[in-house]
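Residues per chain, in single letters:
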Amino acid sequence: MGKRFLAIGECMVEFSPVPEGTYAISFAGDTFNTAWYARQIATPEELEVSYFSAVGDDALSRQLAGFMEDAGIFPKLRTIPNAAPGMYMIFLNNGERSFQYWRSQSAARHLADDLTELPEISSGDVVYFSGITVAILPEGGRERLFRAMTDAADQGARIVFDPNLRPCLWPSLEDMCRWTMSAAALSEIVLPSFEDEACHFGDKDADATATRYLENGARLAVVKNGQDPVVVRGIDGDGFRYQPEPVADIVDTTAAGDSFNAAFLVEYLSRPRPREAVRAGCALARRVIGSRGALVPVSRIDVITGKACQSA
Ligand code: ADP
């Protein structure tokens, strides 16, 4: 039987400019992007992918659920009456992208109000969440989600966390750092990005980031670092660095880390060979930053051939 991958978080409505002065609607959000890429590169026999969140009872929420289904992802969505999904608009100015968000009232903020609708989690299932998942919840929701994660881990589920630090979603930096470390403490695998971590935790290098998460309870830390080597450390003392091949023509770095996580996890969870998994992560991220948009259609072969990366 294949494995089950359950991502938890916020999927937003995306309005992006297209020619003719109009906007295209799509759907994206960090944990959703990772679920979407996992679905693209794993076969349905290998991996069942589900997404847990909360939406409203409006037309956009129905479109959002339909988008997930069409992508082959099982939507596990609480419905909040009179609420709507978060949204963001992309502005293009001389080729530079900027974003404006409307998410402070989004339905996803209620995803952990009642976790009886969380799908049943069994031994071997993978549960994936991020610092953004935690940031958008009220404190009670965070505590409920953490209890559910702890129960899932006790059942033998594998908890995976990307800290994805976003100060603008938190009332204070202190809150952000404290809740991030609490979420990471519940997780077996932590997938941080060094630049954010250095900025907010003062880590002197990516090894220091990995060490901080291992000392906090993770079994495996995989620290992404843009064009610099990915640093991998496990509690058994094993570790290595992996140099991604430089990308000459970066088009759009949106979802670099999200796509890395998807390919890393699909590979690592089917065969626990971290170096191969990092190679796959780099290969997919490389493809994604070479194209515009958060969700870039890819095939498994792009990742498996991995011509995009070389080992350090
Ligand atoms: P995030 O998107 O979370 O900030 P990073 O910027 O660290 O994450 O990038 C995630 C991964 O994307 C990196 O580990 C690397 O594999 C790939 N990547 C990002 N930027 C580059 C780049 N300039 N050249 C090559 N690979 C890159």
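Keep in mind the model is a prediction, meaning the values are calculated, not measured.

Backbone hydrogen bonds are what pair the strands of a sheet, in a parallel or an antiparallel way. Ordered in space as β5-β4-β1-β8-β9-β10-β11-β12-β13, the nine strands form an open sheet in which the pairing is mixed. Two strands in the sheet have a free side with no partner beyond their single neighbour: β5 (74–79) and β13 (239–242). The pairing of strand β8 (residues 126–130) with strand β9 (residues 158–162) spans five bridges and is classified as parallel. Looking at the pairing, F129 lines up with F161 of β9. Across the sheet, helix α2 (residues 59–70) touches β4 (47–55) and β5, and the angle it forms with β5 is around 160 degrees.

All right, on to α2 then. Given 3.6 residues per turn, any residue in an α-helix points the same way as the ones three and four places further on. The end-to-end C-alpha distance of α2, which contains 12 residues, comes to 16 Å, matching closely the 16 Å that a straight helix rising 1.5 Å per residue would cover. Those residues of α2 that are buried lie in contact with β2 (12–18), β3 (22–28), α1 (30–41), β4, β5 and β6 (87–93). Trailing α2 by a residue or two, G72 shows a phi angle of about 90 degrees, which is positive.

Glancing now at the sheet that holds β2. As summarised here, the arrangement of the four strands in space is β3-β2-β6-β7, forming an open sheet in which the pairing is mixed. The outermost strands of the open sheet, each flanked by one partner alone, are β3 and β7 (96–102). Geometrically, the sheet is characterised by an average inter-axis angle of 25 degrees between neighbouring strands, direction not taken into account. Here β6 runs beside β7; their pairing, made up of seven bridges, is antiparallel. Each bridged residue has a counterpart across the sheet, and for F91 the counterpart in β7 is S98. Packing against the sheet, α2 makes contact with β2, β3 and β6, and its axis sits at approximately 60 degrees to β3.

Rules and cut-offs
Residues numbered from 1 in each chain as written. Predicted model: local features only at pLDDT ≥ 70, side-chain atom pairs only at ≥ 80, totals over all residues. Heavy atoms only, no water. Pairing = 2+ DSSP bridges. Helix = DSSP H or I, 4+ residues; strand = E, 2+ residues; numbered from the N terminus. Contact = heavy atoms within 4.5 Å. Axes fitted to C-alpha atoms, helices over the stretch in contact; angles between N-to-C directions. Expected span 1.5 Å × (residues − 1).

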